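Fold and contact review
Listed below are the residues making up each chain.
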Amino acid sequence: MTFLRMKKLSVWAGLAGLLGGLTACEQPLFSNLPAADTGITFVNRIVENDSINVLDFEYTYNGAGVGIGDFNNDGLADVYFTGNQVANQLYLNKGHLSFENVTEKAGVAGKGRWCSGVAVVDINADGWLDLYVCATVSKSPERRENLLYINQTCQPGGTPTFREMGQAYGVATAVIRPMRPFLITTMTVTWIYTY
């Protein structure tokens, strides 16, 4: 009985010490870095109108997506944002939390579609990361077709270029409201699902 009480007491003392240590941090774990320093200026700005508003379209503020991966094989994590009413943007990491917007050069702006999510995957197993982007909202099936951007490679540290190949790979589905893509990969096959 005494051993059990001592064990409970030591657990509570350890937990109190841990919590005390967490609240005693003198420096914050995160800090706000301005766009002027990082180079990341992406904003998923939503402009409401008579058909895009929360009363008529409940998914208005579900957001978009972000994918992190080394798209130019330089060892640094790059960032890809998908936008709803704004173009998607790809930022290459230049080191020290400094990024360059290479969207136009890379050819991954999203073709003017309302994009709701992204999956980063090397779909063709060539050692270069590709992007699978969900498109949604539009009444036009063509504007709801998902996008598969295949990385056409570059020199390590250079700017990658991508080719949209959703139709060729058979994944340019025009689902009514896909929200996010996810991938199931086995040793030789990758299946793409949207939900």
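Residues numbered from 1 in each chain as written. Predicted model: local features only at pLDDT ≥ 70, side-chain atom pairs only at ≥ 80, totals over all residues. Heavy atoms only, no water.

**Considering the pairing of strand E6 (residues 130-136)**
- With seven of its seven residues buried, E6 lies for the most part within the structure.
- Where strand E5 (residues 114-121) and E6 come together, seven bridges link them in antiparallel fashion. Bridging from a neighbouring strand, tryptophan 114 pairs with threonine 136 of E6.
- The pairing of E6 with strand E7 (residues 147-151) spans three bridges and is classified as antiparallel. (Buried < 20%, exposed > 50% of the residue type's maximum accessible area, 1.4 Å probe, protein only. Helix = DSSP H or I, 4+ residues; strand = E, 2+ residues; numbered from the N terminus. Pairing = 2+ DSSP bridges.)

**A short note on the sheet that holds strand E1 (residues 65-69)**
- Pairing is antiparallel in the open sheet, where four strands are placed in the order E1-E2-E3-E4. Single-partner strands in this sheet number two, and they are E1 and strand E4 (98-101). Strand-to-strand twist in this sheet, taken as the mean axis angle between neighbours without regard to direction, amounts to 25°.
- As defined by bridge partners, strand E3 (residues 89-95) adjoins E4 across four bridges and the pair is classed as antiparallel. Following the sheet pairing, asparagine 93 is matched in E4 by phenylalanine 99. (Axes fitted to C-alpha atoms, helices over the stretch in contact; angles between N-to-C directions.)

**Points about the state of the cysteines**
- All chains considered together, the criterion is met by zero disulfides.
- We note that cysteine 115 lacks a disulfide partner, and the nearest cysteine sulfur, in cysteine 134, lies 8.7 Å from it. (Disulfide = S-S within 2.5 Å.)

**Some points on the sheet that holds E5**
- Pairing is antiparallel in the open sheet, where four strands are placed in the order E5-E6-E7-E8. This sheet does not close on itself; its edge strands, each paired only once, are E5 and strand E8 (162-164). Averaged over all neighbouring strand pairs, the angle between strand axes comes to 25°, with direction disregarded.
- Where E7 lies against E8, three bridges are found, and the strand directions are antiparallel. By the bridge assignment, asparagine 151 is partnered in E8 with phenylalanine 162.

**Side note on the pattern of salt bridges**
- Counted under the stated rule, the structure contains three salt bridges.
- Ionic pairing is found between glutamate 100 and lysine 105, a salt bridge with its closest N-O pair at 3.7 Å.
- Given a relative accessible area of 28%, glutamate 100 falls into the partly exposed group.
- Between lysine 111 and glutamate 164 there is a salt bridge, and its shortest N-O distance comes to 3.8 Å. Of this pair, lysine 111 sits in the loop between helix H3 (103-106) and E5 while glutamate 164 is found in strand E8, placing the two residues 53 residues apart along the sequence.
- Classification of glutamate 164 by relative accessible area gives partly exposed; the value is 24%.
- Linked by salt bridges that have partners in common, Lys94, Glu100 and Lys105 make up one network. (Salt bridge = Lys/Arg side-chain N within 4 Å of Asp/Glu carboxyl O.)

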